[in-house]
Amino acid sequence: MTISVFKTLKRLAAAALFAPTLALAAGAVLHLDKAPVSTDPAALQAGAKTFVNYCMNCHSASFVRYNTLTQIGLTEQEIRDNLMFTGERVGDLMKVSASPKEQKAWFGATPPDLTLIARQRASEFGSGADWLYTYLRQFYRDPNRPTGWNNKVFENVGMPHVLWELQGEQIAKVSEHDGVKSIELELAKPGKLSAQEYDKTVADLVSFLVWMGEPVAEKRKSVGVVVLIFLAGLFALTFALKKNYWKDVH
């Protein structure tokens, strides 16, 4: 009886252990393009401009202050002149003027804060930057959606394609093979930018979103290198002291 109960418990434990893996394997595989993330100040400044002009109509970055952008090479005067349009102070948080309650009434759901979006979208399929880079290039026209847009990465997304004037309008070519639906996108109406220029604009925007999620990331990495070098030197000194201390002990 005891052996039978033990075997049953082993089966239950194995099922609990592998259930998430099996569920994940059964889900759809998400193919993401590698995001060309840059830490170049010019790219980050271009991304900040795109973010303020296109994303901040609905989305806040409420964990970042405008004057934090001085870390990417902008002066406070440049921030005031080019990135602030509604009388905010340079020390204010990067918030939209509408309240969450108003946004929910207008859009049906409150647009998410984008400060940490590059971290939140990381998955087994790629980094959050990869997801954002692919997502912002995969919108297509869909007359069945309330906004008139759909997305290959985020099916039935509620967000419209705010960058459509830059990219143009893509349409979906749907095919099915062995019961698996496949969507290929085709540019039906060109935008203001070429495909290469649009990809660069999105790459700069994604780079800014990655930077915004951790503005001190580069400093953290450089400090980490110094700490590792210090620990390596300390280990060498400690090892030499140990050898000298124990040299006469047999």
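Only a predicted model underlies this, so the values are computations on that prediction, with no experimental measurement involved. (Residues numbered from 1 in each chain as written. Predicted model: local features only at pLDDT ≥ 70, side-chain atom pairs only at ≥ 80, totals over all residues. Heavy atoms only, no water.)

A.B. asks: Go over the overall build of the chain with me, naming the residues and quoting the values.
C.D. replies: Scanning the chain from terminus to terminus reveals nine helices and six strands. The burial tally for the chain puts 31% of its 250 residues in the buried class. Pairs at least 24 residues apart make up 61% of the contacts formed inside the chain by residues separated by at least 6 positions. Counting every atom, the chain has about 16,300 Å² of accessible surface; 60% of that belongs to carbon and sulfur. (Helix = DSSP H or I, 4+ residues; strand = E, 2+ residues; numbered from the N terminus. Buried < 20%, exposed > 50% of the residue type's maximum accessible area, 1.4 Å probe, protein only. Contact = heavy atoms within 4.5 Å. Areas by Shrake-Rupley, 256 points an atom, 1.4 Å probe, with all protein chains shown as cover.)

A.B. asks: Account for the nonpolar core, naming residues and giving values.
C.D. replies: Counting residues in hydrophobic clusters, the biggest one holds 43 residues, and the most contacted among them are F51, L69 and M94. When residues of this core are traced back to their parent elements, those giving at least two are α2 (41–55), β1 (61–65), α3 (76–83), α5 (117–120), α6 (128–135) and α8 (195–213). Element by element, the count of residues in this core is highest for α8, at nine residues. Once residues lying within four places of it in the same chain are set aside, the contact partners of F51 are M56, A61, M94, L114, L205, F208, L209 and M212. (Core = buried A, V, L, I, M, F, W, Y, C linked by side-chain atoms within 4.5 Å.)

A.B. asks: How would you explain the packing of α6 against α8 if you had to name every residue and give the values?
C.D. replies: Axis separation between α6 and α8 bottoms out at 9 Å; the angle between their running directions is 145°. For the pair α6 and α8, the crossing hand works out as right-handed. Across from A129, L132 and Y133 in α6, the residues of α8 making contact are D199, V202, A203, V206, L209 and V210. For the contact of α6 with α8, a count of residues per class yields eight nonpolar, no polar and one charged. (Axes fitted to C-alpha atoms, helices over the stretch in contact; angles between N-to-C directions. Left-handed = near helix turned anticlockwise from the far one by under 90°. Nonpolar A, V, L, I, M, F, W, Y, C, P; charged D, E, K, R; others polar.)

A.B. asks: Please set out the UniProt feature "transmembrane region" (unreviewed entry) in the chain residue by residue, giving values where relevant.
C.D. replies: Here the UniProt-annotated "transmembrane region" (unreviewed entry) positions come out as residues 222–241. With 100% helix and 0% strand, residues 222–241 has its two end C-alpha atoms placed 29 Å apart. (UniProt positions renumbered as here; feature names shortened; annotations may be inferred.)

A.B. asks: Break down a nonpolar patch on the surface for me, citing the residues and quoting the values.
C.D. replies: On the surface, V223, V227, L228, F230, L231 and L234 cluster together into a nonpolar patch covering about 570 Å² of accessible area. Counting through the fold element by element, L228 comes out in helix α9 (residues 217–246). (Patch = residues over 30% accessible without salt bridge, like charges linked within 9 Å, V, L, I, M, F, W, Y side chains within 5 Å. Salt bridge = Lys/Arg side-chain N within 4 Å of Asp/Glu carboxyl O.)

A.B. asks: Just give me the short version of unusual backbone geometry, but keep the residues and values in it.
C.D. replies: Notably, N156 is not glycine yet its phi reads approximately 60°, a positive angle. Mapped onto the secondary structure, N156 falls in the loop between β4 (149–151) and α7 (164–167). With relative accessibility at 42%, the residue N156 sits in the partly exposed group.

A.B. asks: How would you summarise the environment of L209 if you had to cite specific residues and measurements?
C.D. replies: Looking at where L209 falls in the secondary structure, it is placed in helix α8. L209 sits in the buried class, given a relative accessible area of 4%. The spatial distance from the C-alpha of L209 to the C-alpha of A118 is 6.2 Å, given a sequence separation of 91 residues. Ignoring anything within four residues of it in the chain, the contact list for L209 reads F51, L114, T115, I117, A118 and L132.

A.B. asks: Tell me about the side chain of D130, and name the residues and values.
C.D. replies: The residue D130 is located in helix α6 in this model. K34 provides the closest opposite charge to the buried, salt-bridge-free D130, at an N-O distance of 4.1 Å. Once you skip the residues sitting within four places of it in the chain, D130 turns out to touch L32, D33, K34 and A35. (Lys, Arg positive; Asp, Glu negative; His and termini not counted.)

A.B. asks: How would you summarise the packing of α2 against α8 if you had to cite specific residues and measurements?
C.D. replies: The interhelical angle for the contact between α2 and α8, taken along N-to-C directions, is 95°, at an axis separation of 7 Å. It follows from the interaxial angle that α2 and α8 lie roughly perpendicular. The residues of α8 that touch α2, namely those facing A43, L44, A46, G47, A48, T50, F51 and C55, are T201, D204, L205, S207, F208, L209, W211 and M212. Of the residues contributing to the contact of α2 with α8, the split by class is 11 nonpolar, four polar and one charged. (Parallel < 35°, antiparallel > 145°, perpendicular 65-115°, else oblique.)

A.B. asks: Explain the confidence of the model for the chain residue by residue, including any values.
C.D. replies: With 88% of its residues at a pLDDT of 70 or more, the chain has an overall mean of 87. For residues 13–26, every residue scores under 50 in pLDDT, and the model assigns this stretch one contact once sequence neighbours within four places are set aside. (pLDDT = per-residue confidence, 0-100.)

A.B. asks: Lay out the environment of T86 in plain terms, naming residues and giving numbers.
C.D. replies: Its place among the elements puts T86 in the loop between α3 and β2 (93–94). It is 9.8 Å that separates the C-alpha atoms of T86 and V96, two residues lying 10 residues apart in sequence.

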